[in-house]
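Chain residues, written in single-letter form:
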Amino acid sequence: MPDIRYLLPASEPKFKDSGITKAGELLKAWNGIPATGIGLIGAPLSKTSISHSGAALAPEVIRKMLHSFTTYSVEMDKDLESVVITDFGDITPHVTDLKETQNRFVQVIQEVLERNPDIIPVILGGDHSISASSIKAFRKNKGPVGIIQFDAHHDLRNLVDGGPSNGTPFRQLIEGNDIKGEHLIQIGIRDFSNGIMYTNYAKENGITVYSMNEVNRLGVRRLLEESVRTLKSKVSCIYVSVDMDVLDQAFAPGCPAIGPGGMTSDELIQGVQYLSTCPDVKGMDIVEVDPTLDFRDMTSRLAAFLILQFLLYRS
């Protein structure tokens, strides 16, 4: 008679790995009681993208990719199975009115922060336009804020030619007096990916810009240590904005604006690990992931991994 020990009844899951908790199981819907620790807020918007983008689908897919990982870190010999990630869900965009959508993002994120003053918000975009709303809400709640922006692009386009878009968030914040230029530090700005007018705007407004050449020459950890030292003496807290297109196209096929010469996934992971240990870092967003372009969910999977690394080194 054949050995059928590994033949599960049809009603049970095909693959059952008892004793192992998946990271996706850490997500718990907000119950209205003030939460602590990491809190996810989805900002599913990509209509404001300069190039075609399905980034509005990213919050759902990134959450799904958390189920690709366990809760145990072999590097730290630490299991996060008892940690809760509070999931506040996704903010509902207006169907046609983009400015109304951005206003909703500000209002909802501000209210979430007011009702949950001890959370560390992780905003899941969406394209990079959502950072204008999330940082505005963050500043209203936390006071003067410094920004560390991982990005291939300055995102300092003017608002006259095309209105608010994923190319304008940091100019919006500066011109709206939500941040000062000297409180914005850009890391990973890439060659042949920006116009001279945006470099000039950065210089005129005191923005610190570290190109990929400087990342390669000095190392991302050194630049971040210097950035944190600079900002913490000037602001109440620090917000980290991670545009996934800071990565080389080999590591992020799911970005609408892929290109060569960017960071490796290891460099970005190490950067997020370091920043999560800094008490002055009080919030983060992850933007510019388009699941419709993403080969085998590589970029979404990395975004989920960054959340786990932030959680691991923060807890």
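The rules we used
Residues numbered from 1 in each chain as written. Predicted model: local features only at pLDDT ≥ 70, side-chain atom pairs only at ≥ 80, totals over all residues. Heavy atoms only, no water. Buried < 20%, exposed > 50% of the residue type's maximum accessible area, 1.4 Å probe, protein only. Helix = DSSP H or I, 4+ residues; strand = E, 2+ residues; numbered from the N terminus. Contact = heavy atoms within 4.5 Å. Expected span 1.5 Å × (residues − 1). Axes fitted to C-alpha atoms, helices over the stretch in contact; angles between N-to-C directions. Parallel < 35°, antiparallel > 145°, perpendicular 65-115°, else oblique. Left-handed = near helix turned anticlockwise from the far one by under 90°. Nonpolar A, V, L, I, M, F, W, Y, C, P; charged D, E, K, R; others polar. Salt bridge = Lys/Arg side-chain N within 4 Å of Asp/Glu carboxyl O. UniProt positions renumbered as here; feature names shortened; annotations may be inferred.

*Asks:* Explanation requested: helix α1 (residues 58-65) in the structure shown.
*Replies:* Residues lying three or four places apart along an α-helix face the same way, a consequence of the helix completing one turn every 3.6 residues. Of all 8 residues in α1, 6 are buried, a share of seventy percent or more. All buried positions along α1 are accounted for by Ala58, Pro59, Val61, Ile62, Arg63 and Met65. In the core, the buried residues of α1 are packed alongside β1 (27-29), β2 (36-43), β5 (85-90), β6 (118-125) and α9 (298-314).

*Asks:* What is the right way to read helix α8 (residues 265-276) from this model?
*Replies:* Its 12 residues give α8 an end-to-end C-alpha distance of 16 Å, which sits within 8% of 16 Å, the value for a rise of 1.5 Å per residue. α8 sits mainly inside the fold: 10 of its 12 residues count as buried. Among the residues making up α8, those that are buried are Ser265, Glu267, Leu268, Ile269, Gly271, Val272, Gln273, Tyr274, Leu275 and Ser276. Among the structural elements, β7 (145-150), α6 (212-218), α7 (220-232), β10 (237-243), β11 (281-287) and α9 are those in contact with the buried residues of α8.

*Asks:* What's the story with the packing of α8 against α9 in this structure? I'm lost.
*Replies:* For any two helices packed against each other, the geometry comes down to the angle between their axes and how far apart the axes lie. Taken N-terminus to C-terminus, the directions of α8 and α9 make an angle of 30°; their axes are 8 Å apart at the nearest point. Judged by the angle between their axes, α8 and α9 are roughly parallel. In terms of crossing hand, the pair formed by α8 and α9 is right-handed. Across the interface between the two elements, Ser265, Leu268, Ile269, Val272, Gln273, Leu275 and Ser276 from α8 touch Leu302, Phe305, Leu306, Gln309, Phe310, Tyr313 and Arg314 from α9. Within the contact of α8 with α9, the residues separate by chemical class into 9 nonpolar, 4 polar and 1 charged.

*Asks:* Looking at this structure, how should I read the pattern of salt bridges?
*Replies:* Using the criterion set out here, one finds 10 salt bridges in the structure. Across the pair Arg171 and Glu175 runs a salt bridge, and its minimum N-O distance is 3.0 Å. One end of the pair is Arg171 and the other is Glu175, both in helix α4 (residues 169-175) and 4 residues apart, which spans about a single turn. For Glu175, a relative accessible area of 44% translates into the label partly exposed. Note that Glu226 is salt-bridged to Arg229, the shortest N-O span being 2.8 Å. Here Glu226 pairs with Arg229, and both are found in helix α7, just 3 residues apart, close to one helical turn. If you follow the salt bridges from partner to partner, you end up with Arg63, Asp87 and Asp90 in one network.

*Asks:* What is the right way to look at the UniProt feature "binding site: Mn(2+)" (unreviewed entry) in the protein in this model?
*Replies:* With numbering matched to this structure, UniProt assigns "binding site: Mn(2+)" (unreviewed entry) to His128, Asp151, His153, Asp155, Asp243 and Asp245. Spanning 118 residues, the named residues nonetheless gather at one spot, since no C-alpha pair among them exceeds 12.0 Å. With respect to the secondary-structure elements, His153 resides in the loop between β7 and α4. On the accessibility criterion, His153 (17% relative accessible area) is buried. Position of Asp245 relative to the elements: it lies in the loop between β10 and α8.

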